[in-house]
Amino acid sequence: MATAFKVEPAEPVLSVQGLTTSFRVSGDWHAAVRDVSFDLAHNETLALVGESGCGKSMTALSIMGLVPKPAGRITAGRIMFEGSDLVSLDREAMRRIRGNRISMIFQEPMTSLNPVLTVGFQVAEALRYHRAMGGAEADRAALDLLEQVKIPSAARRFKDYPHQFSGGMRQRVMIAIALACRPQVLLADEPTTALDVTIQAEVLALLAELKQAYGMSMVFITHNLGVVAAIADRVAVMYAGEIVEVAAVRELFRRPRHPYTELLLRSIPRVDRHVSHLETIEGQVPSIAAMPAGCRFAPRCPLREARCDAPPPLAGAAHHVVRCWVRSEGGGHG
Amino acid sequence: MIRYIVKRLVFAIPTLLAVLTLVFVLVRIVPGDPAQTILGDQASQEALQALRQRLGVDKPIFDQYVDFIKGALVGNWGESLVTGRPVLAEVWAVLPYTVDLTVAAILLGALIGIPLGTWSALHRNEAIDYATRVISLLGLSFPAFVSGILLLLAFAIELRWFPVISAGKLDDPVERLRNLTLPAINLGIIMAAYVTRVTRSSMLEVLGEDYIRTARAKGVPDRAVIWRHSLRNALIPVVTVVGLYLGILIGNSVLTEIVFNRPGLGKLIVGALNQRDYTMLQGLMVVYAFLIVAVNLITDLTYGFIDPRVKHG
Ligand SMILES: Nc1ncnc2c1ncn2[C@@H]1O[C@H](COP(=O)(O)OP(=O)(O)OP(=O)(O)O)[C@@H](O)[C@H]1O
Ligand SMILES: [Mg+2]
């Protein structure tokens, strides 16, 4: 069941092994994330890409221990981080990791900050809980963080409320919150999707810069492959809750193997138009309650064959794996 | 904040004028001659004319309006036709009772309703939640005079902890509190039921918000997620409901006042209605106009304290 792919010889910072996260839909549990495995190396950026609803956010929320209860829960797998399995940690131990060793940034900057608390307080809060800093000390550190994420005249805006900030500025505040305790791992869930194109580029550049400065590893979730090319080292493509292909970013762009990846690459938005939905692939992702028994992509796949009625394994050489009967056979590229 | 308060105060003035105008129109709209209505069919022409003069209804309508607004604003609300005492004095005599009762009912409602509603929301669809929802529904649908009589029977007549007649003096704080307890509980139950239900539903909504997920992702402990991050946001709709209900409460307290034999604005109105005390009624409508504007003002100021978006908006 658990299949881990060691790409880097060094010990991974985070190792997700056979993760399955399920939701209860009209009485039955269905997997929204199924048998997902990946390793994250030190200072590496892994992009998690795929259409809407394919389980990217649930994968990240599973790592954070924030799967919405009681509708959903992790039903199988391990998430190894700093010597412990996050899946089996108790609430309090998990709380001490969240926002401290592993942080997450969300897609919706407009609604992700608390409207009744000042921006400064919301940044300082992580430091109060994880670093046991007092009020003044935490405030000073928070101000420093706001300056690092390049909020103009941060000192003056420290006591402002989120509604007084633009979307781009709010996402910078979210980044400051996430980085407050210098985490090992940053999970960025479509952090720029809701922003204007120019602001998007600025926030991406800021993230890349801070990741380097802090020596973090990052899981960058997006459905925009244009962004992937700019920021990622390695890419994992997800479809219908499963990882269908993993490869280094150049390798994936040059030699995509999975038919779904190919179609995704063909639908890359050009720089001059902003496309947030991939409309060029025909058909829809099956709902989690109605997954095909065999290959989950088969109903939409141009290469479909009879053997695709059985579920394909994730296979191939370590640097490039693919979940496809047709494309994995003899599929090495030297 | 100061600027916001001043702004709200200034905005309250046109509202007050509008409500007073409405009162004026309502009173004049009543068909027939008020003097005739008060004195009956057998009254002599002289008596009618004298009363019209006393009421000021013999003047042109615009002059009446100006007199009315001026009078209302300076507290000159006319005299009771029955007792001859100024309306202001009558109101002033019972106002402390009404204020005591209203404030106590709201405090009880908030102190019981907010924690209970929060607790219920946190245990959504568990036994606790169902129990709270059923009990609060009962609290809402139970008639105030029945619960009042039950309270009287149990705590005043049977146990003798509290007086049967709550009309005692105001200058002794202990007695004042003893007189207040049962009526306040009686009204507080209804208030608590309202607040519980609103807090529960608004808390459930807030707990699903993105910023609560952010707080959890930050590693904020559950207790702080609830009290600091959720409750303040959840209170915004609660303030609205309490504000709306406050107006109703002041009027609805009449049943409680009658059951516990307690003076108050509600009883003053019923008395004036029974005795066809026309000027008293008009004066009381003015009092209500002021109360409504005051309640709105308090509600707005409370919003300002809870929600920073209101202040800057
Ligand atoms: N509360 C829930 N109850 C039932 N199913 C859910 C729930 N939340 C998510 N799911 C299911 O989990 C699947 C994965 O959702 P997820 O949010 O991870 O997708 P995503 O890849 O992040 O998509 P997007 O690009 O739209 O953010 C969805 O198809 C959805 O059906
Ligand atoms: Mg998502």
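Residues numbered from 1 in each chain as written. Chains lettered and ligands numbered in written order. Predicted model: local features only at pLDDT ≥ 70, side-chain atom pairs only at ≥ 80, totals over all residues. Heavy atoms only, no water.

1. A short note on the overall build of chain B
Thought 1: Regarding its fold elements, chain B presents 13 helices and 0 strands.
Thought 2: Sequence-ordered secondary structure for chain B, helices as α and strands as β, is α-α-α-α-α-α-α-α-α-α-α-α-α.
Thought 3: With the principal axes as the frame, chain B shows a C-alpha extent of 80 × 55 × 35 Å.
Thought 4: Looking at chain B as a whole, 43% of its 313 residues qualify as buried.
Thought 5: A fraction of 72% describes how many contacts in chain B between residues 6 or more apart in sequence connect residues 24 or more apart.
Thought 6: For chain B, the exposed area adds up to about 16,200 Å²; of that, 67% sits on carbon and sulfur atoms.
Thought 7: Between the mean site of the 28 positive side-chain charges and the mean site of the 23 negative ones, chain B shows a separation of 9 Å. (Helix = DSSP H or I, 4+ residues; strand = E, 2+ residues; numbered from the N terminus. Buried < 20%, exposed > 50% of the residue type's maximum accessible area, 1.4 Å probe, protein only. Contact = heavy atoms within 4.5 Å. Areas by Shrake-Rupley, 256 points an atom, 1.4 Å probe, with all protein chains shown as cover. Lys, Arg positive; Asp, Glu negative; His and termini not counted. Charge placed at Lys NZ, Arg CZ, Asp CG, Glu CD.)

2. Points about the sheet that holds strand β11 (residues 320-322) of chain A
Residues and elements named next belong to chain A.
Thought 1: Spatially, 7 strands are ordered β6-β7-β8-β3-β9-β10-β11 in an open sheet, and the strand pairing comes out mixed. One side of each edge strand has no neighbouring strand; the edge strands of this open sheet are β6 (102-105) and β11. Looking at each pair of strands side by side, their axes are set apart by 20° on average, direction ignored.
Thought 2: In this structure, strand β10 (residues 242-248) lies alongside β11, joined through 3 bridges in antiparallel fashion. Across the sheet, the residue bridging to E245 is V322, located in β11.
Thought 3: Here helix α6 (residues 167-179) sits on the sheet and contacts β6 and β7 (185-189); the angle it forms with β6, its principal contact strand, is near 170°. (Pairing = 2+ DSSP bridges. Axes fitted to C-alpha atoms, helices over the stretch in contact; angles between N-to-C directions.)

3. A short note on the interface of chain A and chain B
Thought 1: Contacts between the two partners involve 27 residues from chain A and, on the opposite side, 21 residues from chain B.
Thought 2: In this assembly, chain A packs against chain B so that about 2,300 Å² is buried in total across both faces, 57% of it on carbon and sulfur atoms.
Thought 3: It is P115(A), V116(A) and Y129(A) that lose the most area in chain A upon contact with chain B, and together they represent 23% of the buried surface on that side.
Thought 4: The interface formed by chain A and chain B includes 4 salt bridges.
Thought 5: One salt bridge connects K218(B) with E125(A), and the closest N-O pair in it is separated by 2.8 Å.
Thought 6: If you look at where chain A meets chain B, you find 17 residue pairs in polar contact (both at pLDDT 80 or more).
Thought 7: Of all the secondary-structure elements, those providing two or more residues to the side of chain A that touches chain B are α1 (56-64), α2 (91-97), α3 (119-131) and α6 of chain A.
Thought 8: For the side of chain A that touches chain B, the element with the most residues is α3(A), which contributes 6 residues.
Thought 9: Of the residues assigned to the side of chain A that touches chain B, the class counts are 14 nonpolar, 8 polar and 5 charged. (Buried area = accessible area lost by both parts, 1.4 Å probe. Salt bridge = Lys/Arg side-chain N within 4 Å of Asp/Glu carboxyl O. Polar contact = N/O pair within 3.5 Å; in protein donor to acceptor, adjacent residues only side chain to side chain. Nonpolar A, V, L, I, M, F, W, Y, C, P; charged D, E, K, R; others polar.)

4. Quick notes on the site of ligand 1
Residues and elements named next belong to chain A.
Thought 1: Surrounding ligand 1, one finds 13 residues, the nearest of these being S52, G53, K56, S57 and M58.
Thought 2: The contact in question runs from an oxygen atom of ligand 1 to an N or O atom on the side chain of S57, over 2.6 Å.
Thought 3: Per-element accounting of the shell around ligand 1 gives the leading share, 3 residues, to α1.
Thought 4: Looking at the shell around ligand 1 residue by residue, the classes come out as 5 nonpolar, 5 polar and 3 charged. (Near = heavy atom within 4 Å.)

5. Let's talk about the domain arrangement of chain A
All names here are of chain A.
Thought 1: By domain assignment, chain A separates into domain 1 (14-101 + 181-330) and domain 2 (102-180).
Thought 2: At the junction of the two partners, domain 1 supplies 35 residues and domain 2 supplies 24 residues.
Thought 3: Of the roughly 2,500 Å² buried between domain 1 and domain 2, counting both surfaces, carbon and sulfur atoms make up 63%.
Thought 4: Area buried by domain 1 at its contact with domain 2 is led by C181, L206 and Y214, which between them contribute 23% of it.
Thought 5: Seen at the junction of domain 1 and domain 2, the total is 2 salt bridges.
Thought 6: Of the charged contacts, one joins K150 and E209 as a salt bridge, the two residues approaching to 2.9 Å between their closest N and O atoms.
Thought 7: Taken together, domain 1 and domain 2 are joined by 16 residue pairs in polar contact (both at pLDDT 80 or more).
Thought 8: Among the elements of the structure, α1, α2, β7 and α7 (197-214) are those that each provide at least two residues to the side of domain 1 that touches domain 2. (Domains from an automatic or database assignment.)

6. Some details on the side chain of T21(A)
All names here are of chain A.
Thought 1: With respect to the helices, strands and loops of the structure, T21 is situated in strand β1 (residues 14-25).
Thought 2: There is a polar contact of 2.8 Å between the side chain of T21 and the side chain of S62.
Thought 3: For T21, the contacting residues outside a window of four places in its chain are H30, A31, A32, V33, S62, V67, R73, I74 and T75.

7. With respect to the pattern of salt bridges
Thought 1: The full count for this structure, using the stated rule, is 28 salt bridges over all chains.
Thought 2: Across the pair R101(A) and E82(A) runs a salt bridge whose closest N-O atoms are separated by 2.7 Å. Of the two residues, R101(A) is situated in the loop between α2 and β6 and E82(A) in the loop between β4 (72-81) and β5 (84-85); the sequence distance between them amounts to 19 residues.
Thought 3: With a closest N to O distance of 3.7 Å, D210(B) and R213(B) form a salt bridge. With D210(B) and R213(B) both in helix α9 (residues 210-217) and 3 residues apart, this pair spans about one turn of that helix.

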